[in-house]
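Observations on the three-dimensional arrangement
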Amino acid sequence: MHMNSAPHLLAEDRPEYERILDDALRHAHERPDLAAVGERLNPVQLRTMAMAATALITAAAATEYEHYVKARKEVRAAAAGPDEDGVQDAGPHGPRQSGAGVGVVITTLAPVLAGTAAVIFLLIGYVLKALDPPPAFARTMVGAGWFFVAATAAAMLVAAVGLLITALRNGSTSVPAEEQGEELPEDAARAREAWRHALLERGILPFLRDALADPGAAPAARIPHRSANRIPKIGYSRPDFSSPDDGPAAAPRPTFTSPDFTSPDFGGPEHELE
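Residues numbered from 1 in each chain as written. Predicted model: local features only at pLDDT ≥ 70, side-chain atom pairs only at ≥ 80, totals over all residues. Heavy atoms only, no water.

With that settled, the discussion passes to the overall build of the chain. Looking only at helices and strands, the chain features eight helices and two strands. What you see in the chain, going N to C, is helices and strands ordered as α-α-α-α-β-β-α-α-α-α. Residue burial in the chain is summarised as follows: out of 274 residues, 27% are buried. A separation of at least 24 residues holds for 71% of the contacts in the chain among residues at least 6 apart in sequence. (Helix = DSSP H or I, 4+ residues; strand = E, 2+ residues; numbered from the N terminus. Buried < 20%, exposed > 50% of the residue type's maximum accessible area, 1.4 Å probe, protein only. Contact = heavy atoms within 4.5 Å.)

Scanning all chains against the criterion turns up 13 salt bridges. Between Glu12 and Arg72 there is a salt bridge whose closest N-O contact spans 3.6 Å. In this pair, Glu12 is assigned in the segment before helix H1 (14-26) and Arg72 in helix H4 (residues 62-80), connecting sequence segments 60 residues apart. Given the relative accessible area of 40%, Glu12 is considered partly exposed. (Salt bridge = Lys/Arg side-chain N within 4 Å of Asp/Glu carboxyl O.)

On the surface, a nonpolar cluster with roughly 360 Å² of combined accessible area is contributed by Ile120, Leu123, Ile124 and Val127. Summarising the element assignment, Val127 is placed in helix H5 (residues 102-129). Assessed through its relative accessible area of 48%, Val127 is described here as partly exposed. (Patch = residues over 30% accessible without salt bridge, like charges linked within 9 Å, V, L, I, M, F, W, Y side chains within 5 Å. Areas by Shrake-Rupley, 256 points an atom, 1.4 Å probe, with all protein chains shown as cover.)

Before going further, it helps to examine the nonpolar core. Tyr17, Ile57, Leu199, Ile204 and Leu208 are the most contacted members of the largest nonpolar core, which totals 31 residues. Of all the elements in the fold, those that place two or more residues in this core are H1, helix H2 (43-52), H4 and helix H8 (186-213). Top element by residues in this core is H8. It accounts for 12 residues. Ignoring sequence-local partners within four residues, the contact set of Tyr17 consists of Leu9, Ala50, Met51, Thr54, Ile57, Thr58, Leu199 and Ile204. (Core = buried A, V, L, I, M, F, W, Y, C linked by side-chain atoms within 4.5 Å.)

When you line up the elements, Val75 lands in helix H4. Taking C-alpha positions, Val75 is 7.7 Å from Ala188, a pair spaced 113 residues apart along the chain.

Attention now goes to the packing of aromatic side chains. Given two aromatic rings, one states the distance between the centres and the angle between the planes to describe the pair. The final tally for this structure, using the stated rule, is four aromatic pairs. When the ring of Tyr65 is compared with that of Trp195, the centres are 5.1 Å apart and the planes differ by 40°; the resulting orientation is tilted. Here Tyr65, found in helix H4, pairs with Trp195, found in helix H8; they are 130 residues apart in sequence, far enough to count as distant. Neither residue differs from the other here; Tyr65 and Trp195 are each classed as buried. Both rings, one in Phe121 and one in Phe148, keep their centres 5.4 Å apart while their planes meet at 15°; by these two values the pair is stacked. (Phe/Tyr/Trp six-rings, centres within 6.5 Å; stacked < 30°, edge-to-face > 60°.)

So, about the packing of H1 against H8. The contact between H1 and H8 brings their axes to 10 Å, and the two run at 55°. Comparing the axis directions of H1 and H8 gives the class oblique. Remark: the crossing between H1 and H8 carries right-handed chirality. When H1 is examined against H8, the residues Glu16, Tyr17, Arg19, Ile20, Leu21, Ala24 and Leu25 are found in contact with a partner set consisting of Trp195, Arg196, Leu199, Leu200, Ile204, Leu205 and Leu208. (Axes fitted to C-alpha atoms, helices over the stretch in contact; angles between N-to-C directions. Parallel < 35°, antiparallel > 145°, perpendicular 65-115°, else oblique. Left-handed = near helix turned anticlockwise from the far one by under 90°.)

In this section: H8. If you check H8, its first and last C-alpha atoms are 39 Å apart, about what 28 residues at 1.5 Å a residue would give, namely 40 Å. At Leu200, H8 shows its maximal kink, close to 35°. (Expected span 1.5 Å × (residues − 1). Bend = angle between axes of the 7 residues up to and from the residue.)

Across the interface, H4 lies against H8 with an axial gap of 8 Å and an inter-helix angle of 155°. Classified by the angle between their axes, H4 and H8 sit roughly antiparallel to one another. For the pair H4 and H8, the crossing hand works out as left-handed. For the pair H4 and H8, contact is made by Glu64, Tyr65, His67, Tyr68, Ala71 and Val75 and by Ala188, Ala191, Arg192, Ala194, Trp195, Ala198 and Arg202, respectively. Taken together, the residues of the contact of H4 with H8 break down into nine nonpolar, one polar and three charged. (Nonpolar A, V, L, I, M, F, W, Y, C, P; charged D, E, K, R; others polar.)

Locating Ala198 in the fold gives a position in helix H8. You can call Ala198 buried: its relative accessible area is 3%. Separated by 135 residues in sequence, Ala198 and Thr63 have C-alpha atoms that sit 9.3 Å apart. For Ala198, the residues in contact, after removing those within four places along its chain, are Ala61, Glu64 and Gly203.

Confidence in the prediction of the chain, expressed as mean pLDDT, is 74, and 62% of residues score 70 or more. For the stretch residues 173-181, pLDDT sits under 50, and the model shows 13 contacts to residues farther than four places along the chain or on other chains. (pLDDT = per-residue confidence, 0-100.)

Below, the structure written as structure tokens:
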């Protein structure tokens, strides 16, 4: 693959790039070639520089990244499958149910219904008890009202627990499959590991070594020479304008000199004064 067409780092893979970078900086003291971390440049400065040069660093592993993205896309396409009748929408990591379940609806409506019933029964029961003489079923209405008060409290507690469990479940499923350790097909998993290894060994570590060796160098100069042919040129160069080729050299042009003016000659032997 030609490096001028290197794929741009996708947003979903940027956290993985940052994780590998942070891990390399965290264990820099274990590598002799990064022993100067903290002397010339500290980890925060190195991380800032590496984040600014993300395009250059990731380009060192562009071939592996393109293969990984292609393999992952094929896996997601196979997992999604055809969308039949619009009933189920398959996400990138497999089918997911949409809409609220019956249990969620019940736990949400139960406190509302029980509370409404409690207000109605208590209101009617106490109004009937205020009559003289009070009807016989007035105490029954008040008792039913207090029963629904207790049912409302219990339903609210159940609903709160259900919402907490749902929030925790949704939070865990929102993490990308790669971070959950979800197993990918063998070819996609190998492609992912190959990209991670190439990104670390050919991109991040050489950048950190060169940054420590020459903190004042430009970011583009911090990619090692052995991978220079794998790095795309960033920006635009000024076109080299040259004069057109007009053929063989022309013959020398004639030159002009100013005329030699002299005063008229009024003398001579024939004009001597008498």
